[in-house]
Amino acid sequence: MAEQRNTRQRRAVKGVLDQLEGFHSAQEIHEFLRDADEQIGLSTVYRNLVSLADANEVDVLRNDEGESLYRRCSSGHDHHLACR
């Protein structure tokens, strides 16, 4: 896997994930960034979240509606169960 560039947008997404607890949707993360006056599009947030997930820097869960939810990976190896 190629190393990802450390762009301003990537740092912004990672910064928000570092501040948040639990899992959040890309739309919620985008809203936090907008509230912080960060100029970043929703599609850029999605691309960065997918890239961070591919690099094992974020955990991803799907809610009952099939929406992906993201959180910054903890320092240790863990598993997540989702009850249906």
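What comes next concerns the included structure.

How each quantity is defined
- Residues numbered from 1 in each chain as written.
- Predicted model: local features only at pLDDT ≥ 70, side-chain atom pairs only at ≥ 80, totals over all residues.
- Heavy atoms only, no water.
- Helix = DSSP H or I, 4+ residues; strand = E, 2+ residues; numbered from the N terminus.
- Buried < 20%, exposed > 50% of the residue type's maximum accessible area, 1.4 Å probe, protein only.
- Areas by Shrake-Rupley, 256 points an atom, 1.4 Å probe, with all protein chains shown as cover.
- Axes fitted to C-alpha atoms, helices over the stretch in contact; angles between N-to-C directions.
- Parallel < 35°, antiparallel > 145°, perpendicular 65-115°, else oblique.
- Contact = heavy atoms within 4.5 Å.
- Nonpolar A, V, L, I, M, F, W, Y, C, P; charged D, E, K, R; others polar.
- Core = buried A, V, L, I, M, F, W, Y, C linked by side-chain atoms within 4.5 Å.
- Arc of directions from axis to C-beta.
- Polar contact = N/O pair within 3.5 Å; in protein donor to acceptor, adjacent residues only side chain to side chain.

### Considering the overall build of the chain
When helices and strands are tallied, the chain shows three helices and three strands. When the 84 residues of the chain are sorted by exposure, 35% land in the buried category. When the accessible surface of the chain is summed, it comes to about 5,900 Å², and 45% of that surface belongs to carbon and sulfur atoms.

### Remarks on the packing of helix H1 (residues 8-19) against helix H3 (residues 42-54)
It is the contact of H1 with H3, at a shortest axis distance of 10 Å, that shows an interaxial angle of 75 degrees. Taken together, H1 and H3 sit at an angle that is classed as roughly perpendicular. From H1, Gln9, Arg10, Val13, Lys14 and Leu17 reach across to H3, where they touch Thr44, Val45, Asn48, Leu49, Ser51 and Leu52. Class assignment for the residues of the contact of H1 with H3 results in five nonpolar, four polar and two charged.

### Digging into the nonpolar core
With 15 residues, the main nonpolar core has Val13, Leu17, Ile29, Leu33, Val45, Leu49 and Val58 as its most contacted residues. Elements supplying a minimum of two residues to this core: H1, helix H2 (26-35) and H3. Non-local contacts of valine 13, meaning those with residues more than four positions away in its chain, are made with Leu33, Ile40, Val45, Asn48, Leu49 and Leu52.

### Topic: the packing of H1 against H2
Taken N-terminus to C-terminus, the directions of H1 and H2 make an angle of 100 degrees; their axes are 10 Å apart at the nearest point. It follows from the interaxial angle that H1 and H2 lie roughly perpendicular. Side by side, H1 and H2 meet where Ala12, Val13, Val16 and Leu17 of the first sit next to Ile29, Phe32 and Leu33 of the second. Residue composition of the contact of H1 with H2, by class: seven nonpolar, no polar and no charged.

### Notes on the side chain of serine 25
Take serine 25: it is sitting in strand E1 (residues 24-25). Exposure remark for serine 25: the relative accessible area of 5% places this residue in the buried category.

### Examining H2
Every buried residue of H2 is accounted for by Ala26, Ile29, His30 and Leu33. Here the buried residues of H2 occupy an arc of 100 degrees about the axis, which is enough to place them on one side. For H2, the elements touching its buried residues are H1, E1, H3 and strand E3 (68-72). Where H2 ends, the next residue or the one after it, aspartate 37, has phi of about 60 degrees, a positive value.

### With respect to the environment of arginine 8
For arginine 8, the location among the structural elements is in helix H1. Given a relative accessible area of 38%, arginine 8 falls into the partly exposed group. When the C-alpha atoms of arginine 8 and glutamine 39 are compared, they prove to be 9.9 Å apart, with 31 residues separating the residues in sequence. One polar contact links arginine 8 to glutamate 38, side chain to side chain, over a distance of 2.3 Å.

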